[in-house]
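Structure at a glance
Single-letter residue listing:
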Amino acid sequence: MSPMALPSQQSVVCYGPKDLRVEDRVLWPPSHNQAQVAIVTTGLCGSDLHYYAHGRNGDFAIQEPLVLGHEAAGVVTAMGSQVSGLRIGQRVAIECGLMCSNCDYCKKGRYNLCKGMRFCSSAKTFPHLDGTLQDSMNHPAHLLHPIPDNVSFEQAALAEPLSVLIHASRRAGLQKGHTVLVFGVGAIGLLACSIARSRHAARVVALDINPQRLEFARRHGFADAVYCLPAGDKAKTTEDILRRTKENIMMALQEFDEPDGFDIVFECTGAEPCIQMSIHACIAGGKVMLVGMGARNVLLPISAAATREVDILGSFRYANTYPQALALLSAGALPNIDKLITHRFALEDAGAAFELLAKGADEHGRLALKVMVGGP
């Protein structure tokens, strides 16, 4: 079919650092195993911000124009010939990782580790796979998850970052009665607190360097207690670095009246000092869950982990989590989750949305946590 005979749609395309363009693109019909989804809303993620600000996210640099966005929900508008289980007009949350379904990882249910994974809005693979900051997209039908009637489009978009924490909590073995400490109370850290609460953790506390974010976490019930980490001059030697981070976390543990530490620590910043502190923040036999993506190489007090049998666990994206995420949202098991959504922008104003997310607060001083692009 000639592109001239097909409808067009708007897409927000990143060409490089701070080079975001709204373009008209051809809307192709879905293939046999795809459904076409009219995107209603997309939540902006930290990885999207890295691509916008720097043209890259860690090692993954944009090699061709890329549509950003992967936290999204919308409405099915067309279906391929072999699609079943969906209907036109159905509201769906979009799982944006396309696995191969044939490798050992996929067969074992750990498809987040699939070496053939292609992820919408990621420059890891080439050609890139466009994301959700567009009017519509074609997507494999088996990765479209029906939204419960009592869950909004914006809440359904939160199923993606929520999935990250569901997966991390499974890896950590989070159970009722555990005590939990969370480093960093941006959107991901707040969701870590929320998941811990939904699992009936005995106590949830949070640390950050931003007192405004900490007050938000405390005021809206995400954390039982909070602690603002002190700012200081950068230590000059390895010994000074490790000594200072241990002293800082010991002060926090005393403030929390938990001198022996916490059962599970969710490290959601990716910052080297927080990763160092997380080991000391654990009880002997506890677990550190690395969720935040930051420094590629870090100095660790590894003997403190080894001699106290502190498990340091990695967590990457998610697998088989969307049904649980949507069920938690539908059941109201995540109180005040809507408070994370602080700002909304139209698709054509995506550039302003990214600038706000980069600043962290609007002109009125209101925190920018989860910024949504599109309409509810």
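Quick caveat: nothing in here was measured; it's all calculated off a predicted structure.

For the protein chain, the helix and strand inventory stands at 11 helices and 20 strands. The globule rule puts the C-alpha radius of gyration for 376 residues at 21 Å, and the 21 Å found for the protein chain is close to it. Seen along its three principal axes, the alpha-carbon backbone of the protein chain occupies a region of about 70 × 40 × 40 Å. Summed over its atoms, the accessible surface of the protein chain is roughly 16800 Å², and 51% of this surface lies on carbon and sulfur atoms. The centroid of the 35 positive side-chain charges in the protein chain is displaced by 4 Å from the centroid of its 36 negative side-chain charges.

With that settled, consider helix 1 (residues 46-54). All buried positions along helix 1 are accounted for by S47, D48, L49, Y51 and Y52. Immediately beyond the C-terminal end of helix 1, within one or two residues, lies G55, with a positive phi of roughly 75°.

What follows is about the nonpolar core. In this structure, I94, L162, V180, L190, F266 and L329 are the most contacted members of the largest nonpolar core, which totals 78 residues. Within the second largest apolar cluster, 23 residues are counted, among which are C14, L44, I62 and L357.

Right, let's talk about the environment of S163 for a bit. Take S163: it is sitting in helix 4 (residues 159-172). In the structure, S163 is positioned 155 residues away from Y318 in sequence and 6.0 Å away in space, judged by C-alpha atoms. There is a polar contact of 2.7 Å between the side chain of S163 and the backbone oxygen of A159.

Our focus in this paragraph is the sheet that holds strand 1 (residues 8-16). Backbone hydrogen bonds hold the strands of a sheet together, and the pairing may be parallel or antiparallel. The antiparallel open sheet is built from 3 strands, whose spatial order is 2-1-6. Looking along the sheet, the strands with just one partner apiece sit at the ends: strand 2 (19-26) and strand 6 (66-67). As paired strands, strand 1 and strand 6 are joined by 2 bridges and run antiparallel to one another. What sits directly across from V13, in strand 6, is V67.

Turning to a nonpolar patch on the surface, a few remarks are in order. Taken together, Y105, L113, M293 and F316 make up a surface patch of nonpolar side chains, about 380 Å² in accessible area. Looking at the element boundaries, F316 is found in the loop between strand 18 (311-314) and helix 10 (322-331). The partly exposed category is assigned to F316, whose relative accessible area is 31%.

Now for the packing of helix 4 against helix 5 (residues 187-198). In contact at an axis separation of 9 Å, helix 4 and helix 5 are set at 55° when each is read in the N-to-C sense. Accordingly, the angle class assigned to the pair helix 4 and helix 5 is oblique. Considering only the axes of helix 4 and helix 5, their crossing is right-handed. Taking contact as the criterion, the partners of P161, L162, L165, I166 and S169 in helix 4 are, on helix 5, I188, L191, A192 and I195. A breakdown of the residues in the contact of helix 4 with helix 5 according to their chemical character gives 8 nonpolar, 1 polar and no charged.

Right, let's talk about the sheet that holds strand 14 (residues 203-208) for a bit. The strand order across the open sheet formed by 6 strands is 15-14-13-16-17-18, and the pairing between neighbours is parallel. Strands at the two margins of the open sheet, each flanked by one partner only, are strand 15 (225-228) and strand 18. Across the sheet, the mean angle separating the axes of adjacent strands is 20° when strand polarity is ignored. Together, strand 14 and strand 15 form the strand contacts of helix 6 (residues 211-219), whose direction differs from that of strand 15 by roughly 175°.

How each quantity is defined
Residues numbered from 1 in each chain as written. Predicted model: local features only at pLDDT ≥ 70, side-chain atom pairs only at ≥ 80, totals over all residues. Heavy atoms only, no water. Helix = DSSP H or I, 4+ residues; strand = E, 2+ residues; numbered from the N terminus. Rg over C-alpha atoms; globule rule 2.2 N^0.38 Å. Areas by Shrake-Rupley, 256 points an atom, 1.4 Å probe, with all protein chains shown as cover. Lys, Arg positive; Asp, Glu negative; His and termini not counted. Charge placed at Lys NZ, Arg CZ, Asp CG, Glu CD. Buried < 20%, exposed > 50% of the residue type's maximum accessible area, 1.4 Å probe, protein only. Core = buried A, V, L, I, M, F, W, Y, C linked by side-chain atoms within 4.5 Å. Polar contact = N/O pair within 3.5 Å; in protein donor to acceptor, adjacent residues only side chain to side chain. Pairing = 2+ DSSP bridges. Patch = residues over 30% accessible without salt bridge, like charges linked within 9 Å, V, L, I, M, F, W, Y side chains within 5 Å. Salt bridge = Lys/Arg side-chain N within 4 Å of Asp/Glu carboxyl O. Axes fitted to C-alpha atoms, helices over the stretch in contact; angles between N-to-C directions. Parallel < 35°, antiparallel > 145°, perpendicular 65-115°, else oblique. Left-handed = near helix turned anticlockwise from the far one by under 90°. Contact = heavy atoms within 4.5 Å. Nonpolar A, V, L, I, M, F, W, Y, C, P; charged D, E, K, R; others polar.

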